[in-house]
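Observations on chain architecture
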Amino acid sequence: PFWNNHFFDCDGVHVHAVSISAPDHSPNTDGWDPDSSRNVLIEDSWYSGGDDCIAIKSGWDCYGVDYGKPSVNITIRNVSCHG
């Protein structure tokens, strides 16, 4: 498995009441990865797995630098993270 929800270059994402379950020993099973995205709200949700609950990204290595779009205005509230 790999990242569960990868929002790339998005605007106005609203995640509400989502549950994600991945094996405890599994790598790369991030719950939510806003990447070069704006105005993201993740709320009232639950994650259990073997990696990051939420990982805010702004691209990957030199590709992210070249793309030049940081993640901004990310709000996370009432999210339960286990793992």
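Residues numbered from 1 in each chain as written. Predicted model: local features only at pLDDT ≥ 70, side-chain atom pairs only at ≥ 80, totals over all residues. Heavy atoms only, no water.

With that out of the way, let us pick up the overall build of the protein chain. When helices and strands are tallied, the protein chain shows 1 helix and 6 strands. Secondary structure elements of the protein chain, listed N to C terminal, follow the sequence β-β-β-β-β-α-β. For 83 residues, the compact-globule estimate of 2.2 N^0.38 gives 12 Å, and the protein chain sits close to it at 13 Å. Expressed along its principal axes, the backbone C-alpha trace of the protein chain runs to roughly 35 × 25 × 15 Å. (Helix = DSSP H or I, 4+ residues; strand = E, 2+ residues; numbered from the N terminus. Rg over C-alpha atoms; globule rule 2.2 N^0.38 Å.)

Within the secondary structure, Ser71 sits in the loop between α1 (61-67) and β6 (72-82). A polar contact is formed between the side chain of Ser71 and the backbone nitrogen of Ser36, at a distance of 3.0 Å. Within polar-contact distance, the side chain of Ser71 engages the backbone nitrogen of Ser37 at 3.4 Å. (Polar contact = N/O pair within 3.5 Å; in protein donor to acceptor, adjacent residues only side chain to side chain.)

This paragraph deals with the packing of aromatic side chains. Counted by the stated rule, this structure contains 2 aromatic pairs. Note on Phe8 and Tyr67: the rings are 5.4 Å apart at their centroids and 35 degrees apart in plane angle, and the pair reads as tilted. Note that Phe8 is positioned in strand β1 (residues 5-8) and Tyr67 in helix α1, a separation of 59 residues in sequence. For Phe8, a relative accessible area of 42% corresponds to the partly exposed category. Considering the side-chain rings of Trp60 and Tyr63, the 5.1 Å spacing of their centres and the 10 degrees angle between planes classify their relative orientation as stacked. Overall, Tyr63 belongs to the exposed group, its relative accessible area being 54%. (Phe/Tyr/Trp six-rings, centres within 6.5 Å; stacked < 30°, edge-to-face > 60°. Buried < 20%, exposed > 50% of the residue type's maximum accessible area, 1.4 Å probe, protein only.)

By themselves, these observations are geometric and do not establish any function.
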